[in-house]
Amino acid sequence: MYDPKSLKAEEFIDHGEVMETLAWAEQNKTDAGLIGRVLEKARASSGLNHREAALLLDCALPDKNEEILALARQIKLDFYGNRIVMFAPLYLSNYCVNGCVYCPYHRTNKTISRKKLTQEDIVREVTALQDMGHKRLALEAGEHPKMNPLEYILESIGTIYSIKHANGAIRRVNVNIAATTVEDYRRLRDAGIGTYILFQETYHRASYGQLHPTGPKHDYAWHTEAMDRAMAGGLDDVGLGVLFGLEFHRYELAAVLMHAEHLEAVHGVGPHTISVPRLRRADDVDPDAFQHGIDDDTFAKLVAVIRLAVPYTGLIVSTRENQACREKVLALGVSQISGGSRTSVGGYLEKEPEDDNSAQFEVSDTRTLDEVVNWLMRLGYLPSFCTACYREGRTGDRFMSLCKAKQIQNCCHPNAIITLKEYLEDYATPETRKLGEDLIAREMGNIPKEKIRTLVTSYLSDIHDGARDFRI
Ligand code: SAM
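Residues numbered from 1 in each chain as written. Predicted model: local features only at pLDDT ≥ 70, side-chain atom pairs only at ≥ 80, totals over all residues. Heavy atoms only, no water.

**Things to note about the overall build of the chain**
Part 1 of the argument: Check the secondary structure of the chain and you find 21 helices and 9 strands.
Part 2 of the argument: For a compact globule of 472 residues, the expected C-alpha radius of gyration is about 23 Å, and the chain comes in at 21 Å, within 12% of that figure.
Part 3 of the argument: Dimensions of the chain, computed from C-alpha atoms along their principal axes, come out at roughly 60 × 55 × 40 Å.
Part 4 of the argument: Split into buried and exposed, the 472 residues of the chain put 61% on the buried side.
Part 5 of the argument: Just so you have it, the chain exposes about 18,000 Å², and 52% of that area is on carbon and sulfur atoms.
Part 6 of the argument: The chain carries 56 positive and 67 negative side-chain charges, and their two centres are separated by 4 Å. (Helix = DSSP H or I, 4+ residues; strand = E, 2+ residues; numbered from the N terminus. Rg over C-alpha atoms; globule rule 2.2 N^0.38 Å. Buried < 20%, exposed > 50% of the residue type's maximum accessible area, 1.4 Å probe, protein only. Areas by Shrake-Rupley, 256 points an atom, 1.4 Å probe, with all protein chains shown as cover. Lys, Arg positive; Asp, Glu negative; His and termini not counted. Charge placed at Lys NZ, Arg CZ, Asp CG, Glu CD.)

Following this line, the structure appears as structure tokens:
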């Protein structure tokens, strides 16, 4: 029985409710009146429930589909302006005891090179990431209680935060590691992590069992209930995700939104982010062997519908997607992207030597961070390296209430400008710098003159560790 307030995975992701939702959406997919009413609700920016979102995903009326995309673009602008938050993944270790059939880390894969960074390696990798200009990382590791125990993850986080090199600093470490206990989540919170990210991979319980045949990750309930334990441990920014390609995307959309509704119902705060990775080719993994791959247009519609359903939740797209696809989904709702990413362990220094196949998957967007920043600005976006929210305590329900009231812009926009300025001065190529200076001049032109001084002073202290003489 579907119960968003239940703490049991089988009740808050009730299979019967997902199936009924899909049948209802299928039945009504040409009902212009009903779809119009759902669009009106979305237009009021108050979000949609999983049934309404499923209906829009199924919508078979061309004019309404155009409306869905146009509205997603509008809501994206209303809530996020033209800012795009930048981050990079850092792979610590690919040792793993799980048997996930889509992931090259799986225990029985004998062809991948197994690697784990030492603390000295981490210093070198993070220095390289700082030299690119990154301020925000997503830590990634396989699940291996002996090789990658929580103590190793905590020590690595401490190392990362301690590295101050030139003007560089990693100011926010998000963590994507396997489901764990409340006590471990508490320790991660105490280590000062940003968002705790855990992809569900698939919400379909039976498929989940087949796709995760062995290892601790096999336990669907343990995995699906992880965010409740994370919140109980004091981590109030959690990031959901589905690996699209494993199961039917209509099922996943309804279910991930039910998960969001559950978090809101139980903890009073929805997911901070939702990631939408698609399955990629990898060592020992052929994506064509999976039946549920979705094309770029379906993917774009999925992003648009998520944007309408949870306007206040950040949407993340990685370098799994190519430039053209990223361009399309940025307009429709994506608010965070990675740039210059390496998915191999030690990849930021090694530049992918031929004998290294420690990568998790092949990236499609192989451009440098500078190229990505340059491209974003040419498209009219404002790349942001800001990490102020979590440093200023704007997390969990405090972030959500500001965001729902469309107030987060007032903090984010000036902070984005200042962190871009910082990036341009410290790391950009001359061409990118010129482009960025022009962009900043235009952006500042939109802020009332009398506000500029106060904004710059107050937001410098908001984002920055130390005094820095900025002329904006
Ligand atoms: N061990 C952690 C866990 O169990 O959640 C971290 C997972 S891993 C480092 C990060 C994510 O990469 C996975 O959750 C999965 O969604 C994704 N991934 C795995 N194999 C992939 C592939 N072949 N293509 C694209 N993404 C993949």
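What follows picks up the thread again.
**Notes on the site of the ligand**
Part 1 of the argument: What surrounds the ligand is a group of 20 residues, the closest being Ala-141, Glu-201, Lys-217, Arg-280 and Arg-320.
Part 2 of the argument: Within the backbone of Ala-141, one N or O atom sits 3.0 Å away from a nitrogen atom of the ligand.
Part 3 of the argument: Within the complex, 97% of the 580 Å² of free accessible area of the ligand lies under protein.
Part 4 of the argument: Tallied by class, residues from the shell around the ligand come to 10 nonpolar, 3 polar and 7 charged. (Near = heavy atom within 4 Å. Polar contact = N/O pair within 3.5 Å; in protein donor to acceptor, adjacent residues only side chain to side chain. Nonpolar A, V, L, I, M, F, W, Y, C, P; charged D, E, K, R; others polar.)

**What about the pairing of strand 2 (residues 136–141)?**
Part 1 of the argument: Burial analysis of strand 2 places 6 of its 6 residues in the buried class, which makes it a mostly covered element.
Part 2 of the argument: Both strand 1 (residues 83–93) and strand 2 contribute to a ladder of 5 bridges, which runs parallel. Paired with Leu-90 across the strands is Leu-139, a residue of strand 2.
Part 3 of the argument: Between the parallel elements strand 1 and strand 2, the chain passes through helix 6 (residues 119–132) in a crossover that is right-handed. (Pairing = 2+ DSSP bridges. Right-handed = clockwise from strand over helix to strand, strands pointing away.)

**Things to note about helix 2 (residues 15–27)**
Part 1 of the argument: Here helix 2 contains 13 residues, and its C-alpha end-to-end distance of 18 Å stays within 8% of the 18 Å for a straight helix at 1.5 Å per residue.
Part 2 of the argument: Of the residues making up helix 2, those classed as buried are Glu-17, Val-18, Thr-21, Leu-22 and Ala-25. Buried residues of helix 2, viewed axially, fall in a sector of 135°; they line one side. For helix 2, the exposed residues set more than 90 degrees away from the buried face come down to Glu-20 and Gln-27.
Part 3 of the argument: Tucked inside the fold, the buried residues of helix 2 contact helix 4 (50–58) and helix 12 (249–267). (Expected span 1.5 Å × (residues − 1). Arc of directions from axis to C-beta. Contact = heavy atoms within 4.5 Å.)

**Observations regarding the packing of aromatic side chains**
Part 1 of the argument: Summed over all chains, the structure comprises 4 aromatic pairs.
Part 2 of the argument: Between Tyr-185 and Tyr-196, the ring centres sit 4.7 Å apart and the planes meet at 65°, which makes this aromatic pair edge-to-face. With Tyr-185 in helix 8 (residues 182–190) and Tyr-196 in strand 4 (residues 196–197), this residue pair connects regions lying 11 residues apart in the sequence.
Part 3 of the argument: The exposure class of Tyr-185 is buried, given its relative accessible area of 0%.
Part 4 of the argument: Since its relative accessible area comes to 0%, Tyr-196 is described here as buried. (Phe/Tyr/Trp six-rings, centres within 6.5 Å; stacked < 30°, edge-to-face > 60°.)

**Digging into the pattern of salt bridges**
Part 1 of the argument: Enumeration according to the criterion identifies 28 salt bridges in this entry.
Part 2 of the argument: As a salt-bridge pair, Glu-437 and Lys-421 come within 3.4 Å of each other at their nearest N and O atoms. Within this pair, whereas Glu-437 is found in helix 20 (residues 430–445), its partner Lys-421 is found in helix 19 (residues 408–426), the two being separated by 16 residues in sequence.
Part 3 of the argument: The network of salt bridges with common partners includes Glu-40, Arg-43, Lys-64 and Glu-67. (Salt bridge = Lys/Arg side-chain N within 4 Å of Asp/Glu carboxyl O.)

**A few points about the packing of helix 12 against helix 13 (residues 296–309)**
Part 1 of the argument: For the pair helix 12 and helix 13, interaxial distance at closest approach is 12 Å and the crossing angle is 15°. Between helix 12 and helix 13, the angle falls in the class roughly parallel. Helix 12 and helix 13 meet at a crossing whose hand is right-handed. Packed against helix 12, whose contacting residues are His-249, Leu-253 and Leu-257, the element helix 13 presents Thr-298, Leu-302, Val-305, Ile-306 and Ala-309 at the interface.
Part 2 of the argument: Of the residues in the contact of helix 12 with helix 13, the class split is 6 nonpolar, 2 polar and no charged. (Axes fitted to C-alpha atoms, helices over the stretch in contact; angles between N-to-C directions. Parallel < 35°, antiparallel > 145°, perpendicular 65-115°, else oblique. Left-handed = near helix turned anticlockwise from the far one by under 90°.)

**Observations regarding the pairing of strand 1**
Within a regular strand, side chains alternate between the sheet's two faces.
Part 1 of the argument: For strand 1, a buried count of 11 out of 11 residues is recorded, marking the element as mostly surrounded by other parts of the structure.
Part 2 of the argument: Here strand 1 pairs with strand 9 (residues 382–384) via 3 bridges, running parallel. Bridge pairing in strand 9 links Val-85 to Ser-384.
Part 3 of the argument: Two strands pair when backbone bridges link them, and strand 1 and strand 8 (residues 336–338) are joined in this way by 3 bridges, in the parallel orientation. Residue pairing for strand 8: Phe-87 is matched across the bridge by Ser-338.

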